[in-house]
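For reference, the chains in residue letters:
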Amino acid sequence: MATAELGGRSAEKLFSLSGLFAVYKPKGSTSAAVLNLLKERLLAEAGVQAKASKRKRQALKIGHGGTLDSAATGVLVVGIGKGTKMLKSILAGSKKYTAVGLLGRATDTLDATGKVTEEKPYDQITKRDLENVLQKFTGDIMQVPPLYSALKKDGERLSTLMKRGEAVEAKPARPVRVYSLSLQQFQPPLFTLDVECGGGFYVRSLVSDIGKELSTCASIQELTRTKHGPFTLEEHALHEDRWTIDEIARSLEHCMSLFPEEQSHKKFKTEHPGETAVSREDK
């Protein structure tokens, strides 16, 4: 079979894909960078070259369902085709994280990538102290978002403004929900938490606030998103070596079974290639 014919069939299949699936985001990459790499891989496999018209390349409509910190790893939910329209509504459910915190050290970013801003003793803190404090951060609480975040001021991300050295005021505390919070391991200065939370919640802020509540300071060392909506790290997140058109088609079929049948057929029916939108959604 001619290469052009193969490429044509691959492109037809790619532009017909529609729905939600999940990929694994590695440490060190931004969510946007992972999405861009995924898109480039799929377009290249479909034979749509980098020099192709901008309109043709933008015809692949793709977006992600929520920014994951560049230092974090785990589940990144991706919408393709009409699935991009469902990212906000379908993923309004909870997210689960495993976080490793470090007692006695605070940073400007609230994680291991930032500059150390404070160090305090932590030897007095016991496992029971930490477990008791966690109860204060469960349920409906108020939380101040980190200065280094994707939240925006005058159209620019706070993190971008901070990196430029501009003065940035903290956003006001806002209501967030923590469904469950448990201590999995305590080996001072390190402690490991499992967190299940709603949208708009920052685990970095949680760990920092826990440190303050214990009369010391704390920052995140490692953060992994283990679940987002119905998508789990173990079962659904595709690693980079599986970012192919056929693998994603299979994953879409599997992942759509996670949703009510009526909703899947109504919202995620396969598009005809000629109906594919010409806009791109990066979130």
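Shown above is the structure to which this text applies.
If you're wondering where the values come from, they're calculated on a predicted model, not measured in any experiment.

Analysis parameters
Residues numbered from 1 in each chain as written. Predicted model: local features only at pLDDT ≥ 70, side-chain atom pairs only at ≥ 80, totals over all residues. Heavy atoms only, no water. Helix = DSSP H or I, 4+ residues; strand = E, 2+ residues; numbered from the N terminus. Buried < 20%, exposed > 50% of the residue type's maximum accessible area, 1.4 Å probe, protein only. Expected span 1.5 Å × (residues − 1). Arc of directions from axis to C-beta. Contact = heavy atoms within 4.5 Å. Pairing = 2+ DSSP bridges. Polar contact = N/O pair within 3.5 Å; in protein donor to acceptor, adjacent residues only side chain to side chain. Salt bridge = Lys/Arg side-chain N within 4 Å of Asp/Glu carboxyl O.

*Asks:* Now, about unusual backbone geometry: what can you tell me, with residues and values included?
*Replies:* With an omega of 10 degrees, the peptide bond running from proline 188 to proline 189 counts as cis. Mapped onto the secondary structure, proline 189 falls in the loop between β10 (174–187) and β11 (190–197). A positive phi is found at serine 215, a non-glycine position, where the angle reads about 60 degrees. Structurally, serine 215 can be placed in the loop between α7 (203–213) and β12 (218–228). Serine 215 sits in the exposed class, given a relative accessible area of 56%.

*Asks:* Can you lay out helix α9 (residues 245–256) for me, pointing to particular residues and giving the numbers?
*Replies:* The terminal C-alpha atoms of α9, which comprises twelve residues, lie 16 Å apart, in line with the 16 Å expected from a rise of 1.5 Å per residue. Within α9, burial applies to Ile245, Glu247, Ile248, Ser251, Leu252, Cys255 and Met256. Along the axis of α9, the buried positions cluster into a sector of 155 degrees, meaning they face one direction only.

*Asks:* Give me the environment of isoleucine 210: which residues, what numbers.
*Replies:* If you trace the backbone, isoleucine 210 turns up in helix α7. For isoleucine 210, a relative accessible area of 0% gives the class buried. Filtering out sequence-adjacent residues up to four positions away, isoleucine 210 remains in contact with Leu130, Val133, Leu134, Phe137 and Leu193.

*Asks:* Residue-level account of the pairing of strand β1 (residues 19–25), with values.
*Replies:* Looking down a regular strand, the side chains alternate between one sheet face and the other. Taken across its seven residues, β1 has six buried, putting it largely inside the fold. Here seven bridges tie β1 to strand β3 (residues 73–80), and the two strands are oriented antiparallel to one another. The residue bridging lysine 25 from the neighbouring strand is glycine 74, located in β3. Here two bridges tie β1 to strand β14 (residues 237–238), and the two strands are oriented parallel to one another. Paired with alanine 22 across the bridge in β14 is alanine 237.

*Asks:* I'd love a proper account of the environment of aspartate 194, names of residues and values included.
*Replies:* Of note, aspartate 194 is situated in strand β11. In sequence terms aspartate 194 and serine 180 are 14 residues apart; their C-alpha atoms lie 7.9 Å from each other. Leave out the neighbours within four places in its chain, and aspartate 194 touches Tyr97, Thr98, Ser180, Leu181, Ser182 and Gln184. There is a polar contact of 3.0 Å between the side chain of aspartate 194 and the side chain of threonine 98.

*Asks:* Go over the pattern of salt bridges with me, naming the residues and quoting the values.
*Replies:* Under the criterion given, the structure shown has nine salt bridges. Linking aspartate 69 and arginine 204 is a salt bridge whose minimum nitrogen-to-oxygen distance equals 2.8 Å. Within this pair, whereas aspartate 69 is found in the loop between β2 (62–64) and β3, its partner arginine 204 is found in helix α7, the two being separated by 135 residues in sequence. Look at arginine 204 and you get buried, because its relative accessible area is 5%. For glutamate 247, the salt bridge is made with arginine 250, and the minimal N-O distance between the two is 3.7 Å. With glutamate 247 and arginine 250 both in helix α9 and three residues apart, the pair spans about one turn of that helix. Among the ionic contacts, a cluster of salt bridges with common partners joins Arg242, Glu247 and Arg250.

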